[in-house]
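Now for the letters of each chain:
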Amino acid sequence: EAGVVQSPRYKIIEKKQPVAFWCNPISGHNTLYWYLQNLGQGPELLIRYENEEAVDDSQLPKDRFSAERLKGVDSTLKIQPAELGDSAVYLCASSLEGSTEAFFGQGTRLTVV
Amino acid sequence: GQQLNQSPQSMFIQEGEDVSMNCTSSSIFNTWLWYKQEPGEGPVLLIALYKAGELTSNGRLTAQFGITRKDSFLNISASIPSDVGIYFCAGRNNYGQNFVFGPGTRLSVLP
């Protein structure tokens, strides 16, 4: 069974440019999470989806970040415009509805220069 | 907001030694999780704890849900080189809420 797939693995962009990350969760997993992980820290939740509905986006900086999960399967996270402080690893995770076990993808390492 | 502290921040041990690390919170949690993250990978769930005082094992790993519900402990027995990584605790206080992650304990195993 394929795990959570994220792309790209690495991205380097100049500040003020837009960037998008893509996530394909494990088949059948209704719940999808986007996390931000800064160097030396644990993951911090940005947004959680139940199917296509964003049930918790309270930690998403909505002035520059947006996310969508239109058909309740794969999801994209966008930053526009990117700032130097956005350099981090962006992790996607998925789980069955109600399960505590979230499976993480390998992440996208973003470097903003 | 809720914050978790993990101790120690990092540790270097000899292969074959036992390891102990802990996670503390200022808030009561009803669920504790322990994850391991290797370089370039996402975290992988090791153990889940659902009840105060619960002791759960997964191979050489044993985790405990603290009686105060404000802490949790992870022990690794007879460490091996592949135990190297960062160990994160995560907790939540109610079903439906999101998990909060600690800053991690970085483990290095010397051959």
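Our structure is the block above this text.
Only a predicted model underlies this, so the values are computations on that prediction, with no experimental measurement involved.

Each value, and the rule that gives it
- Residues numbered from 1 in each chain as written.
- Chains lettered and ligands numbered in written order.
- Predicted model: local features only at pLDDT ≥ 70, side-chain atom pairs only at ≥ 80, totals over all residues.
- Heavy atoms only, no water.
- Pairing = 2+ DSSP bridges.
- Helix = DSSP H or I, 4+ residues; strand = E, 2+ residues; numbered from the N terminus.
- Axes fitted to C-alpha atoms, helices over the stretch in contact; angles between N-to-C directions.
- Contact = heavy atoms within 4.5 Å.
- Buried area = accessible area lost by both parts, 1.4 Å probe.
- Salt bridge = Lys/Arg side-chain N within 4 Å of Asp/Glu carboxyl O.
- Polar contact = N/O pair within 3.5 Å; in protein donor to acceptor, adjacent residues only side chain to side chain.
- 1 Å grid on protein atoms, 1.4 Å probe; cavity = no way out; pocket = protein on both sides within 12 Å on 5 of 7 lines; lining within 4 Å.
- Points joined across faces, edges and corners; volume = space filled by probe spheres on them.
- Nonpolar A, V, L, I, M, F, W, Y, C, P; charged D, E, K, R; others polar.

K.L.:
Just checking my understanding: could you explain the sheet that holds strand β8 (residues 71-76) of chain B for this structure?
P.N.:
Paired through backbone hydrogen bonds, the strands of a sheet run either parallel or antiparallel to each other. All names here are of chain B. Taken in spatial order, the five strands of this open sheet run β1-β3-β8-β7-β6, and their pairing is antiparallel. In this open sheet, the two edge strands, each paired with only one partner strand, are β1 (4-7) and β6 (55-58). Direction aside, neighbouring strands of the sheet carry axes that sit 15 degrees apart on average.

K.L.:
Can you help me understand the interface of chain A and chain B in this one?
P.N.:
Accessible area lost upon the coming together of the parts is a frequently used measure of interface size. Opposite the 18 residues of chain A that make contact, chain B presents 19 residues. Between chain A and chain B the total buried area reaches about 1,400 Å² when both faces are included, carbon and sulfur atoms providing 49% of it. Viewed at the interface, chain B and chain A are joined by zero salt bridges. Between chain A and chain B we count seven residue pairs in polar contact (both at pLDDT 80 or more) in total. Where the side of chain A that touches chain B is concerned, the elements lending two or more residues are β4 (31-37) and β5 (44-50) of chain A.

K.L.:
Just checking my understanding: could you explain unusual backbone geometry for this structure?
P.N.:
With the exception of glycine, the majority of residues adopt a negative phi angle, and the majority of peptide bonds are in the trans configuration. All names here are of chain A. The linkage connecting serine 7 with the following residue, proline 8, adopts the cis geometry, with an omega of -5 degrees. With omega at -5 degrees, the peptide bond leading from glutamine 80 into proline 81 counts as cis. You can see proline 81 is positioned in the loop between β8 (75-79) and β9 (88-95). At asparagine 51, a position not held by glycine, the phi torsion is positive, near 55 degrees.

K.L.:
Would you take a moment to explain the layout of surface pockets for this structure?
P.N.:
Empty space among the atoms becomes visible once a probe the size of a water molecule is rolled across them. As a volume, the second largest pocket reaches approximately 500 Å³. Going through the elements one at a time, β9 and β11 (108-112) of chain A together with β9 (85-92) and β11 (105-110) of chain B are the ones with two or more residues in the lining of the second largest pocket. Looking at the lining of the second largest pocket element by element, the count peaks at four residues for β11(A). Residues that form the lining of the second largest pocket fall into these classes: eleven nonpolar, 13 polar and five charged.

K.L.:
Whenever I open this one, the sheet that holds strand β3 (residues 19-24) of chain A confuses me. Can you help?
P.N.:
Residues and elements named next belong to chain A. Strand order in the open sheet made by the four strands is β1-β3-β8-β7, with antiparallel pairing throughout. A single partner strand is all that each edge strand has here, and the edge strands are β1 (5-7) and β7 (65-68). Across this sheet, the average inter-strand angle for adjacent strands is 15 degrees, counted without regard to direction. Taken together, the five bridges between β3 and β8 define a ladder with antiparallel strand orientation. Following the sheet pairing, tryptophan 22 is matched in β8 by threonine 76.

Function-wise, these values are silent; they only describe arrangement.
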